[in-house]
Amino acid sequence: MRLDEPIERHGVFWLPGNESIEAQGVLRIETTGQAALTVRYESGPSGASTLRAPWHEIRTGKPAPPTRLVGQVGLQYATLEGCNLAGGSPGFATGALSEARFRVRRVLLGAAYDRNDDIAFSRLSFSADGLTCWLSPDVFRAEHNDAGRLRSIRLREPAPVEWSLGDGLVLRLNRSYTYQLTRPPTEYRFRQAASAELCCDEPRRIDELLEVAGDLRRFLCLATSETVFMKKITGRAPEGEACRTTSESSRVRIQVFDPHDFAEFGPREALFDRMLFNYRDVADKLELLFRNWLELCGTARVALDSYFAVASDRERLLETRFLLLAQALEVLHSRTHLDDGKKKLCTRVAEIVAPFNRLFGGEEASRDFARKVAVTRNYLVHYNPAKEAEAVDLDSLPAFSRRLEVLCQLHLLKRIGMSVAEIERIVANNQTLKARLGVA
């Protein structure tokens, strides 16, 4: 996930079920969602703490540190999951401060889960970079007079839309807008926003919901042809959940900070004209696409990892980009064609590219493309000087790899339910794809 700016909160923290023994601490959350906690407690004789004995034992590693800590920062309760002891420093005199430092896998602000039970939500909401642009909501309606001149512009808020993802999960997309009248009153400024919400008929473990949300984020990455990250993740605890919340209301939103989609590079702006497809292109069959995409994430996650490793990092070494794309296609084909595990890479690529022969220059050109993919992969992995002349040379490899990346995209679209005719229409309307494929 990505935050606009880092967060630092001071508060008190304690072990689950042991609130009487607490320690002052500082919780820091980076813009990537990564979190760390530093607690300080007063030392007793010989560096041990009399009132804070559990914290002293944790810092020294006896017993093993807990995986969950709870606390209160400001007016909010907090739950820290996946806490790993990262170090500390003892106080060598009576009354001196000792320190323990933890790496934290996930932070929940707004609730204190005092027991080590699994955390479950009935809803999980999030926004993402580029989501509003991808939806391209049509919220303006122009009205003209009899002479054809513009009379007024009306603004209508789009209604939420939802799709069933199966297994009791529903995805809802909420779209909204805000506006502001400038001073002096010469213009209105509008700002659109969109968010997604996963709703389930029965409470689900937070890990399950975050995995589904992460897979949907990757769908958006594919659609926008850019790297996007989730933002403003919030959950809602089910009725009767054994946790203390900041508010007495059962509808309190619990903020979630989890770096599960962390990357060293930042997000890039999703531009409408560079997208592989937008919401309007697929609105009539989006439920089918979502379902098939989630199924594909379950059966071929390794292949998708390879593809997105290339799509999200344009600075990756050229040979590495090519090898990852070749691996992605090979694993995609093997995981979705379980009866042909012994096929060679050349055969797999030829079968993948066959439906798109017209886009790759015809049947013969497609077979030659598949052969070059296999020969070049084998040359780079199992170096053989005798094969150098048959492999794609270094000067031609960038353009060849871009065509291979397009093939990955087209094959993914086909796997999730688009017809070849629909895919060809997408290519015809996308200047980037046409340039990479070399078609008019």
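This section reports on the structure supplied with the text. (Residues numbered from 1 in each chain as written. Predicted model: local features only at pLDDT ≥ 70, side-chain atom pairs only at ≥ 80, totals over all residues. Heavy atoms only, no water.)

**As for the overall build of the chain**
Next, step 1: Secondary structure summary: the chain contains twelve helices and 18 strands in total.
Next, step 2: A total of 440 residues make up the chain; the buried ones form 47% of that total.
Next, step 3: Residue pairs in contact within the chain that sit at least 24 positions apart in sequence constitute 66% of those at least 6 positions apart.
Next, step 4: Only carbon and sulfur atoms are counted for the fraction: they give 48% of the accessible area of the chain, which is about 22,200 Å². (Helix = DSSP H or I, 4+ residues; strand = E, 2+ residues; numbered from the N terminus. Buried < 20%, exposed > 50% of the residue type's maximum accessible area, 1.4 Å probe, protein only. Contact = heavy atoms within 4.5 Å. Areas by Shrake-Rupley, 256 points an atom, 1.4 Å probe, with all protein chains shown as cover.)

**Here's the deal with the nonpolar core**
Next, step 1: Grouped together as the largest cluster of nonpolar side chains are 117 residues, with contacts concentrated most on Leu 80, Trp 134, Phe 277, Trp 293 and Leu 407.
Next, step 2: Per element, the largest residue contribution to this core is eleven residues, and it comes from helix H3 (residues 206-224).
Next, step 3: Setting aside residues up to four positions removed in sequence, Trp 134 forms contacts with Phe 219, Leu 220, Ala 223, Thr 224, Met 275, Phe 277, Asn 278, Tyr 279, Val 282 and Leu 286. (Core = buried A, V, L, I, M, F, W, Y, C linked by side-chain atoms within 4.5 Å.)

**Some words on the pairing of strand S18 (residues 254-257)**
Next, step 1: The sheet contact formed by strand S8 (residues 106-109) and S18 spans three bridges and is antiparallel. Note that in S18 the partner of Leu 109 across the bridge is Gln 255.
Next, step 2: Here strand S16 (residues 230-236) runs beside S18; their pairing, made up of three bridges, is antiparallel. Within S18, the position partnered with Thr 234 by the bridge is Gln 255. (Pairing = 2+ DSSP bridges.)

**Section: helix H7 (residues 318-336)**
Next, step 1: Taking 1.5 Å of rise per residue, 19 residues should cover 27 Å, and H7 covers 27 Å from first to last C-alpha, within 8% of that figure.
Next, step 2: Those residues of H7 not exposed but buried are Arg 321, Phe 322, Leu 324, Leu 325, Ala 326, Ala 328, Leu 329, Val 331, Leu 332 and His 333.
Next, step 3: Contacts made by the buried residues of H7 are with helix H5 (286-299), helix H6 (301-311), helix H8 (345-353), helix H9 (363-381) and helix H10 (397-415). (Expected span 1.5 Å × (residues − 1).)

**Considerations on unusual backbone geometry**
Next, step 1: In the Ramachandran plot, Asp 167 falls in the positive-phi region, its phi being about 55 degrees despite a non-glycine side chain.
Next, step 2: Within the secondary structure, Asp 167 is located in the loop between strand S13 (161-166) and strand S14 (169-181).
Next, step 3: Residues other than glycine seldom take positive phi values, yet Lys 232 does so here, at roughly 50 degrees.
Next, step 4: Mapped onto the fold, Lys 232 is located in strand S16.

**What about the pattern of salt bridges?**
Next, step 1: Going through the model one piece at a time under the given rule, you end up with 31 salt bridges.
Next, step 2: Arg 40 is the partner of Glu 99 in a salt bridge, and the nearest nitrogen-oxygen pair spans 3.2 Å. Here Glu 99, found in strand S7 (residues 97-104), pairs with Arg 40, found in strand S3 (residues 35-42); they are 59 residues apart in sequence, far enough to count as distant.
Next, step 3: Taking the relative accessible area as the measure of exposure, Glu 99 reaches 14% and is therefore buried. (Salt bridge = Lys/Arg side-chain N within 4 Å of Asp/Glu carboxyl O.)

**Structural notes on the side chain of Gln 409**
Next, step 1: Its place among the elements puts Gln 409 in helix H10.
Next, step 2: According to the relative accessible area criterion, Gln 409 is buried, its value standing at 4%.
Next, step 3: Once residues lying within four places of it in the same chain are set aside, the contact partners of Gln 409 are Leu 222, Ser 225, Leu 276, Tyr 307 and Leu 433.

**Some remarks on the packing of aromatic side chains**
Next, step 1: In this structure the tally under the stated criterion is 13 aromatic pairs.
Next, step 2: A ring pair is formed by Phe 360 and Phe 369, whose centres lie 5.3 Å apart and whose planes are at 50 degrees; its orientation type is tilted. Judged on exposure class, the residue Phe 360 and its partner Phe 369 are both buried.
Next, step 3: The lysine or arginine in question, Arg 2, covers the ring of Phe 229, its NZ or CZ lying 4.6 Å from the ring centre. (Phe/Tyr/Trp six-rings, centres within 6.5 Å; stacked < 30°, edge-to-face > 60°. Lys NZ or Arg CZ within 6 Å of the ring centre and 35° of its normal.)

**Focus on H8**
Next, step 1: Among the residues of H8, those classed as buried are Leu 345, Arg 348, Val 349, Ile 352 and Val 353. The buried side chains of H8 occupy one side of the element, clustering within an arc of 125 degrees when seen end-on.
Next, step 2: Elements that come into contact with the buried residues of H8 comprise H7, H9 and H10. (Arc of directions from axis to C-beta.)

**Structural notes on the packing of H5 against H6**
Next, step 1: Between H5 and H6, whose axes approach to 5 Å, the crossing angle comes to 100 degrees. Classified by the angle between their axes, H5 and H6 sit roughly perpendicular to one another. On the side of H5, the interface is formed by Trp 293, Leu 296, Cys 297, Gly 298 and Thr 299, while H6 contributes Arg 301, Leu 304 and Phe 308.
Next, step 2: Across the contact of H5 with H6, the residue classes tally to five nonpolar, two polar and one charged. (Axes fitted to C-alpha atoms, helices over the stretch in contact; angles between N-to-C directions. Parallel < 35°, antiparallel > 145°, perpendicular 65-115°, else oblique. Nonpolar A, V, L, I, M, F, W, Y, C, P; charged D, E, K, R; others polar.)

**Description of the environment of Asn 430**
Next, step 1: The topology assignment puts Asn 430 in the loop between helix H11 (420-428) and helix H12 (431-437).
Next, step 2: Judged by its relative accessible area of 4%, Asn 430 is buried.
Next, step 3: As for Asn 430 and Arg 274, which are separated by 156 residues in sequence, their C-alpha atoms are 7.2 Å apart.
Next, step 4: Beyond its immediate chain neighbours, meaning those up to four positions away, Asn 430 contacts Arg 274, Met 275 and Leu 276.

**Brief notes about the packing of H3 against H5**
Next, step 1: Direction vectors running N to C along H3 and H5 enclose 115 degrees, while the axes themselves pass 10 Å from each other. In this view, H3 runs roughly perpendicular relative to H5, as classed from their interaxial angle. Handedness of the crossing formed by H3 with H5: right-handed. Between H3 and H5, the residues in contact are Val 212, Asp 215, Leu 216, Arg 218, Phe 219 and Leu 222 and Leu 286, Leu 289, Phe 290, Trp 293, Leu 294 and Cys 297, respectively. (Left-handed = near helix turned anticlockwise from the far one by under 90°.)

These figures come from the coordinates and say nothing about function on their own.
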